[in-house]
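A look at the structure
The primary structure of each chain is shown beneath.
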Amino acid sequence: MIMASISDSETTNRGSMWELDQNLDQPMDEEASQLKNMYREKFSSMLLLRLAFQSLGVVFGDLGTSPLYVFYNIFPHGVDDDEDVIGALSLIIYTLTLIPLMKYVFVVLRANDNGQGGTFALYSLLCRHAKVSTIPNQHKTDEELTTYSRQTYEENSLAAKVKRWLEGHAYKKNCLLILVLIGTCTAIGDGILTPAISVLSASGGIRVQNQNMSTDVVVIVAVVILIGLFCMQHYGTDKVGWLFAPLVLLWFILIGSIGLVNIHKYNSSVLKAYNPVYIFRYFRRGKSEIWTSLGGVMLSITGTEALYADLCHFPVLAIQIAFTLVVFPCLLLAYTGQAAYIIDHKDHVADAFYRSIPGAIYWPAFIIATLAAVVASQATISATYSIIKQALALGCFPRVNVVHTSKKFLGQIYIPDINWVLMILCIAVTAGFKNQSQIGNAYGTAVVIVMLVTTFLMVPVMLLVWKSHWILVVIFLVLSLTVELPYFTACINKVDQGGWVPLVIAITFFIIMYVWHFCTVKRYEFEMHSKVSMAWILGLGPSLGLVRVPGIGFVYTELASGVPHIFSHFITNLPAIHSVVVFVCVKYLPVYTVPVEERFIMKRIGPKNYHMFRCVARYGYKDIHKKDEDFEKMLLDRLLIFVRLESMMDGYSDSEDFTMMEQKAERSTRALLTEKAGSNTMSSIGDMSYSSQDSIVPAKSPLTGNSLTRYSSQTFGDEQEFLNRCKDAGVVHILGNTVVQARRDSGIVKKVAVNYVYAFLRKLCRENSVIFNVPHESLLNVGQIYYI
């Protein structure tokens, strides 16, 4: 490994050649514009119903199992008055109506990034409509993508003013990122707490029939179930959804039916709770326990944020159908029936759900409840995978292995490392507390924080993306905060009673994400500041002042223009470079996916005899690198396709932009890709010739010597043969390995964050060579130490 030490305080010398460089390596506007096509996911009616059915097993399990523990957390010390039960039920009814139904299902779900949900999906929308990304590696060529949708604004419109305000200062961008990270980290905490409280509550049904049973037995049963749940995750959401969906449907039918029976059997007067006046009367009673009981009511809408984050697994309409036709009415019946039972059996509030089950179906209901609790855990686990994947793609999380579990639906993924971390933390919470009341306090705190973050992020989305009238934005904000702020204050008051758990989890993940993102930004700034002038490279001549040895060298860089410092460092210390050099930039865009035909854009750098190219590979946060993808072969294929398209430019010189050719070749690109996919050899692209007006001094074939020969024309077949000879001679992947360290005069916080936290995360995360499946024997690392 070649190492170099550079400080961010150093600057590159920009002489007169620097201005020339700006014309030699321009961004690939034309190359990007020729690739535009339409990309849409369409669903048939039957597929939509199938997905709506599957969504029950993945998305709604958490909401569906809330009746297991809500009333116990509202009244942990028992019930004194029937009016309290009526008031609490009224709160539950209208909380379910305002938050999951009205806010999320009919408003927030529409704020999706082409089917992707969660806080990072909202962030990606904002990054596309305003320049708020803290990693400035985007360019206007990216806006040519068919999936890169954005709005234009009138100069004096409210949206334009908001856009300018957000873009005005760097601290506003950082505050927005911090807000997104807070919501993301708290949502990850949901993925830990949901399995703990759901499974523990369901397992508690064992003690209803045997009051002498030890709590430790319940905990052991819960831990065994949790281990089995996390071990099933590698099968994927599609298979798990088909397995769980019938169980959840049966669960909703069961709790709805039991609710109806209890309403008829015990106290039908409980139906007056549907009158919102009883909410006012509930608070007017002025008991000290009334306000703290809101934390328990909050648990009735747990899983709502997971519903939004799991949107990538299913289309919006499928989730809306399942919620409005099945989930919502069954939940209302379940809570109403429990309230009717509690009014007649005030001393059974701790086990109200299980005790309200008719004796004849108790054990079947217990089994279904336990399985439903497992499904509830699945909802937040799947949401956590989606959140981590989005954070990873946007440079906010260390690189981890992402497994694609479905060939039909790109959003269905599995992350082994995160799966085992969640399992360990979940078991620790379950065994540590042994009490669903304290876990419930922690859970409520996590849920309400995520909801508040989503509310605040929706405001700029409604203004910039939807161009909503400010009155509608204010109505949405006021209604949301009117419900969520009281719940937030009630949950914060229980921090010392278990509410500290999600805060500790969120702070831990926040430190990981922020430190990783901070160092990623610094690394990119280092690459920008230390890049070498293209004019200087081309001034060395076709041989670059070195021996051009046989082979193709792929030089990986984070820059979409300019020459990375690792390349100049490489050729300065070694006396040779490959006959063909391709600068490869892999970057992630704030879009959900980049269609395969638009993923790569290619450009030649300098005259043909230099044999230097630039390739930009673009990915969205939904895209992943599959094990069966040969990244090297894709690069070589795109290189030959580009050379063939370039050969169509009869009458154009190498230094000119070939816009006309690209317009003519707009339909040819996909035809070439199709032709290439059906070919078994790289030589099948064709023999279209290219005649240049300029006299070119090409490098001689690398297999015949290093001398240069002048000639006036070059056919595509000649260059194709040249590239094939270089390919046969060997392909080398040159990767930069920038080591980031804090300067000696840095503060203790920065030293710990950079030298220890970031260094530790770098050791744990996957290398780029592994992600792109680069053969070890073809890999060359060029290292640098960068002090910040």
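Residues numbered from 1 in each chain as written. Predicted model: local features only at pLDDT ≥ 70, side-chain atom pairs only at ≥ 80, totals over all residues. Heavy atoms only, no water.

1. Concerning the packing of helix α3 (residues 45–58) against helix α16 (residues 316–344)
- Look at α3 against α16: their axes get within 8 Å of each other, and the N-to-C directions meet at 60°. In terms of their interaxial angle, α3 and α16 are classed as oblique. The handedness of the crossing between α3 and α16 comes out as right-handed. Here Leu48, Leu51, Ala52, Ser55 and Leu56 of α3 come into contact with α16, specifically with Leu317, Ala318, Ile321, Ala322, Val326 and Val327.
- Here the contact of α3 with α16 is built from residues that sort into ten nonpolar, one polar and no charged. (Axes fitted to C-alpha atoms, helices over the stretch in contact; angles between N-to-C directions. Helix = DSSP H or I, 4+ residues; strand = E, 2+ residues; numbered from the N terminus. Parallel < 35°, antiparallel > 145°, perpendicular 65-115°, else oblique. Left-handed = near helix turned anticlockwise from the far one by under 90°. Contact = heavy atoms within 4.5 Å. Nonpolar A, V, L, I, M, F, W, Y, C, P; charged D, E, K, R; others polar.)

2. Thoughts on the pairing of strand β4 (residues 547–557)
- The element β4 is largely enclosed, with a buried count of eight among its eleven residues.
- In this structure, β4 lies alongside strand β5 (residues 576–588), joined through nine bridges in parallel fashion. Bridge assignment links Arg548 to a residue of β5, and that residue is Ile577.
- Where β4 meets strand β8 (residues 731–741), four bridges bridge the pair, whose relative direction is parallel. Looking across to β8, one finds that Ile552 is bridged to Val731. (Buried < 20%, exposed > 50% of the residue type's maximum accessible area, 1.4 Å probe, protein only. Pairing = 2+ DSSP bridges.)

3. Remarks on the packing of helix α7 (residues 119–129) against helix α9 (residues 170–203)
- The N-to-C vectors of α7 and α9 enclose an angle of 160°; their axes lie 9 Å apart at closest approach. Between α7 and α9, the angle is such that the two are roughly antiparallel. Where α7 crosses over α9, the handedness of that crossing is left-handed. Two secondary-structure elements touch here, α7 through Thr119, Phe120, Tyr123 and Leu126 and α9 through Leu176, Leu177, Val180, Leu181, Gly183 and Thr184.
- For the contact of α7 with α9, the residue count by class is seven nonpolar, three polar and no charged.

4. Regarding the environment of Leu63
- Tracing the backbone through its elements, the reader meets Leu63 in helix α4 (residues 61–65).
- For the pair Leu63 and Gly303, spaced 240 residues apart in sequence, the C-alpha separation works out to 5.1 Å.
- Ignoring sequence-local partners within four residues, the contact set of Leu63 consists of Ser300, Ile301, Thr302, Gly303, Thr304, Leu307, Phe323 and Leu331.

5. As for the nonpolar core
- If you look at the biggest cluster of nonpolar residues, it comprises 172 residues, and the most contacted ones within it are Phe60 and Tyr354.
- In terms of residue count, the dominant contributor to this core is helix α20 (residues 436–464) (17 residues).
- Residues in contact with Phe60, not counting those within four places in the same chain, are Ser55, Phe252, Leu307, Ile319, Ala322, Phe323 and Val327.
- Ranked by size, the runner-up nonpolar core spans 26 residues in total, among them Ile552, Leu639, Val731 and Leu735. (Core = buried A, V, L, I, M, F, W, Y, C linked by side-chain atoms within 4.5 Å.)

6. Re unusual backbone geometry
- Phi angles above zero are rare outside glycine, and Lys467 is one such case at about 55°.
- Checked against the element boundaries, Lys467 lands in the loop between α20 and α21 (470–492).

7. Focus: the pattern of salt bridges
- Summed over all chains, the structure comprises nine salt bridges.
- Lys633 is paired through a salt bridge with Asp637; the nearest N and O atoms lie 3.0 Å apart. Of this pair, Lys633 and Asp637 both sit in helix α26 (residues 631–647), four residues apart, which is roughly one turn of that helix.
- When its relative accessible area of 10% is taken as the criterion, Asp637 is described as buried.
- Notably, a salt bridge pairs Arg743 with Asp745, separated by 3.5 Å at the nearest N-O pair.
- Among the residues examined, Arg743 registers a relative accessible area of 29% and is labelled partly exposed.
- Using a relative accessible area of 64% as the deciding quantity, one classes Asp745 as exposed. (Salt bridge = Lys/Arg side-chain N within 4 Å of Asp/Glu carboxyl O.)

8. Considerations on the pairing of β5
- With respect to burial, β5 is a largely interior element, eleven of its 13 residues being buried.
- With eight bridges joining them, β5 and strand β7 (residues 612–619) adopt parallel strand pairing. Note that in β7 the partner of Val584 across the bridge is Cys615.

9. Some words on α26
- Relative to the 24 Å expected for 17 residues at 1.5 Å per residue, α26 spans 25 Å between its end C-alpha atoms, a close match to the ideal helical length.
- Burial analysis of α26 places 14 of its 17 residues in the buried class, the great majority of the element. (Expected span 1.5 Å × (residues − 1).)

10. Observations concerning the environment of Asp630
- Residue placement: Asp630 occurs in the loop between β7 and α26.
- Taking the C-alpha atoms as reference points, Asp630 and Val774, 144 residues apart in sequence, are found 8.5 Å from one another.

11. A few points about the packing of aromatic side chains
- Following the criterion strictly, the structure yields 18 aromatic pairs and no others.
- Here Phe60 and Phe323 contribute two aromatic rings whose centre-to-centre distance is 5.9 Å and whose plane-to-plane angle is 35°, an arrangement assigned as tilted. Of this pair, Phe60 sits in the loop between α3 and α4 while Phe323 is found in helix α16, placing the two residues 263 residues apart along the sequence.
- The buried category is assigned to Phe323, whose relative accessible area is 0%. (Phe/Tyr/Trp six-rings, centres within 6.5 Å; stacked < 30°, edge-to-face > 60°.)

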